[in-house]
Amino acid sequence: MKKILVVGASGQIGTELVIGLRKRFGKDQVIASDIAPATQDKLANGPYEELDILDNDKLSEVVNKHKIEEVYLLAALLSATAEKNPGFAWKLNMDGLFNVLNLAKEGVIKKIFWPSSIAVFGPTTPKENTPQLTIMEPSTVYGISKLAGERWCEYYAKQYNVDVRSIRYPGLISYTSLPGGGTTDYAVDIFYSAKRGEKYNCFLSKDTPLPMMYMEDAINATINLMESPIDSIKIRSSYNLGGISFTPEQIYNEIRKTNPDFEIEYQPDFRQKIADSWPGSIDDSDAKNDWGWKGEFDLGKTCQIMLENVSVEG
Ligand code: NAD
Ligand code: SER
């Protein structure tokens, strides 16, 4: 059985991806790693390594020690945090990717998953049903790093036969681990206020549409993409993935069906400009056609699960 390394495993996606991969391939096959010691109990039921992705020697050591064949690279600075530290965001998001791509180029590992984002699009991109191939002029450092990363992934696939696969995730909604500094975080934060019975202060305006997805759909898509036959992977930059599109007002109204007294106020901050530069909805027909992507969770189902499971204890 192949051994898999997840880098950035303690984050919003990593926590659930490790659970999903361990369920599918066995707990000892999946090595979780992050820059800090494991804080999530959920990662403690299998192997864990403390690993800074910028430390190339340690990366090689971990890969050799566990005879790793596949790497899922999740360590990155997200859109809002990256704007506060553009130089370091560029370094982490690009050097981390090169360290892993080069391991595959040298034949040390066989396959890579690296996530891109809707942030590769920009203010000049068509906003509705944004196509796979279109104008891409991202205006954030995060988006610039993701677009550059996509071009490098395709280059390594074409020039060096590296099997690297990628999805442009929309904003992800989950309750296991808090989001790590993105513009779409409001769609998670809002559930914590609703559960605490507090008014939610939303950092985006009420009529800002963004593509989002419940985490289980994202994890299933990721593992399906990685497990699909190599011939079905036609796009080596990154696949559009749509999910559900809604505005803050629409998710607020959906939550009020369960919590009728829930209140919201809108105080847009610097993240509004980022959100305004991104698409409102995504055309993901290539992912559907090439490797059978299909989402299961609509807004109603997502809100119901989040309200049932978000924990505000402690
Ligand atoms: P996150 O911020 O929640 O998690 C990132 C993890 O990486 C953290 O646990 C952090 O400790 C770790 N990390 C940071 N620096 C590191 C380093 N030098 N070495 C090793 N680990 C390090 O982010 P996430 O939401 O889980 O996102 C994971 C990936 O998916 C990122 O590339 C992000 O751009 C992409 N993505 C996320 C979303 C989303 O909505 N969550 C949407 C689109 C794309
Ligand atoms: N959820 C991410 C962010 O807002 C999108 O890549 O940064």
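Here is what the cut-offs are and how they apply
- Every chain's residues receive numbers from 1 upward, in the order its sequence appears when written.
- Chains and ligands are labelled sequentially in the order written, the chains with letters from A and the ligands with numbers from 1.
- It should be noted that, the model being predicted, local features are given only for residues of pLDDT at least 70 and side-chain atom pairs only at 80 or more, the latter also being counted only at that level, while totals for whole chains, interfaces and linings use all residues.
- Excluded from the side-chain calculations are hydrogens and water; all other atoms, namely the structure's heavy atoms, are used.
- Between N-to-C directions, angles cover 0 to 180 degrees, with each direction set by a line fitted to C-alpha atoms, over the stretch in contact for helices.
- The way it works is that DSSP assigns letters per residue, a run of H or I at least four long becomes a helix, a run of E at least two long becomes a strand, and they are numbered from the N terminus.
- Here the word oblique covers every angle except those under 35 degrees (roughly parallel), over 145 (roughly antiparallel) and from 65 to 115 (roughly perpendicular).
- Should the near helix be turned anticlockwise from the far one by less than a right angle, the crossing is termed left-handed; should it be turned clockwise, right-handed.
- Throughout, a residue-residue contact means that at least one pair of heavy atoms, one from each residue, lies within 4.5 Å.
- Working definition: a ring pair exists when centres of Phe, Tyr or Trp rings (six-membered ring for Trp) sit within 6.5 Å. Plane angles under 30 degrees give stacked, over 60 give edge-to-face, the rest tilted.
- To sort residues, take the accessible area from a 1.4 Å probe on protein chains only and compare it with the maximum for the residue type: under 20% means buried, over 50% means exposed, and anything in between is partly exposed.
- The criterion is that NZ of a Lys, or CZ of an Arg, lies within 6 Å of the ring centre and within 35 degrees of the ring normal, and then a charge sits over that ring.
- We treat two strands as partners when DSSP finds at least two bridges between them.
- For cavity detection a 1 Å grid was placed over the protein atoms alone, and a set of points counts as a cavity when a 1.4 Å probe fits there but cannot get out; an open set counts as a pocket when protein lies on both sides within 12 Å along at least five of seven lines, with lining residues being those that have an atom within 4 Å of a point.
- Grid points are joined across faces, edges and corners, and a volume is the space filled by probe spheres set on the points.
- The rule for a residue being near a molecule or strand is that one of its heavy atoms must lie within 4 Å of it.
- Methods summary: accessible areas were calculated by the Shrake-Rupley approach with a probe of 1.4 Å, and residue burial reflects only the protein chains presented.
- For a molecule to be placed in a cavity or pocket, more than half of its atoms must lie within 2 Å of the grid points of that cavity or pocket.
- Take a side-chain nitrogen of Lys or Arg and a carboxyl oxygen of Asp or Glu: if they are within 4 Å of each other, that pair is a salt bridge.
- Here a polar contact means two N or O atoms within 3.5 Å. Within protein one must be a hydrogen donor candidate and the other an acceptor candidate, and residues neighboring in sequence count only if both atoms are side-chain atoms.

**Points about the packing of helix H6 (residues 186–196) against helix H8 (residues 248–256)**
The N-to-C vectors of H6 and H8 enclose an angle of 30°; their axes lie 11 Å apart at closest approach. The angle between H6 and H8 falls in the class roughly parallel. Helix-helix and strand crossings are classified by hand; for H6 and H8 the assignment is right-handed. Touching Tyr186, Ala187, Ile190, Phe191 and Ala194 of H6 are Pro248, Ile251, Tyr252 and Ile255, all from H8.

**Examining the packing of aromatic side chains**
As enumerated under the stated definition, the model contains twelve aromatic pairs in all. Consider the rings of tyrosine 72 and phenylalanine 113, whose centres lie 5.7 Å apart with planes at 40°: the pair is tilted. Of this pair, tyrosine 72 sits in strand E4 (residues 70–73) while phenylalanine 113 is found in strand E5 (residues 111–113), placing the two residues 41 residues apart along the sequence. Neither tyrosine 72 nor phenylalanine 113 differs from the other in exposure class; each is buried. Measuring from ring centre to ring centre gives 4.9 Å for phenylalanine 98 and tryptophan 152, while their planes differ by 75°; the resulting arrangement is edge-to-face. Placement of phenylalanine 98 in helix H4 (residues 86–105) and of tryptophan 152 in helix H5 (residues 141–160) is noted, with a sequence separation of 54 residues between them. One aromatic cluster in this structure is built from Phe98, Trp152, Tyr155, Tyr156 and Tyr160. Stacked on the ring of tyrosine 160, the Lys or Arg lysine 105 has its end atom at 4.3 Å from the ring centre. Note that lysine 301 overlies the ring of phenylalanine 297, its terminal NZ or CZ placed 4.8 Å from the centroid.

**What about the sheet that holds strand E3 (residues 48–50)?**
Spatially, the six strands line up as an open sheet ordered E3-E2-E1-E4-E5-E7, and their pairing is parallel. Each having just a single partner strand, E3 and strand E7 (163–165) make up the two edges of the open sheet. Averaged over all adjacent pairs, the angle separating strand axes in this sheet is 20°, with direction ignored. Here three bridges tie E5 to E7, and the two strands are oriented parallel to one another. Along E7, the bridge assignment pairs lysine 111 with aspartate 163. Together, E4, E5 and E7 form the strand contacts of H4, whose direction differs from that of E4 by roughly 170°.

**So, the layout of surface pockets**
Of the pockets and cavities examined, the largest pocket occupies roughly 750 Å³. Every residue lining the largest pocket is counted, 41 residues in all, and those nearest its centre are Leu74, Ala75, Ala76, Leu77 and Leu78. Contributions of two or more residues to the lining of the largest pocket are made by helix H1 (12–25), helix H3 (79–84), H4, strand E6 (116–117), H5 and strand E9 (171–173). With three residues, the top contributor of residues to the lining of the largest pocket is H1.

**Considerations on the site of ligand 2**
The local shell around ligand 2 consists of Leu78, Ser79, Ser117, Tyr142, Gly182, Thr183, Thr184 and Trp278. Calculation on ligand 2 without its partners gives an accessible area of 230 Å², and the protein chains cover 93% of this total. More than half of the atoms belonging to ligand 2 lie within 2 Å of the grid points that define the largest pocket.

**Structural notes on the pattern of salt bridges**
This structure, assessed with the given rule, holds 15 salt bridges. Across the pair lysine 158 and glutamate 154 runs a salt bridge, and its minimum N-O distance is 3.5 Å. With a gap of four residues between them, lysine 158 and glutamate 154 both fall in helix H5, about one helical turn apart. For lysine 158, a relative accessible area of 61% corresponds to the exposed category. Each of the salt bridges in this network shares a partner with another, and the network as a whole consists of Lys2, Glu70, Lys111 and Glu227.

**Structural notes on the site of ligand 1**
With respect to spatial proximity, 26 residues lie near ligand 1, and among them Gln12, Ile13, Asp34, Asp52 and Tyr142 are the closest. A distance of 2.6 Å separates an oxygen atom of ligand 1 from a polar atom in the side chain of aspartate 34. In this structure, lysine 146 approaches ligand 1 through a side-chain N or O atom, which is 2.9 Å from an oxygen atom. Protein chains shield 89% of the accessible area of ligand 1, which is 830 Å² for the free molecule. Judged by its atoms lying within 2 Å of the grid points, ligand 1 is housed in the largest pocket. Looking at the shell around ligand 1, the elements with two or more residues in it are H1, E6, H5 and E9.

**Here we look at the sheet that holds strand E11 (residues 210–214)**
If you walk across this open sheet you meet the three strands as E9-E11-E13, and the pairing is mixed. The open sheet is flanked by E9 and strand E13 (244–246), the only strands paired with a single partner. Looking at each pair of strands side by side, their axes are set apart by 40° on average, direction ignored. In this sheet, E11 lies alongside E9 in parallel orientation, the contact comprising three bridges. Opposite leucine 172, over in E11, you have methionine 213 as the bridge partner.

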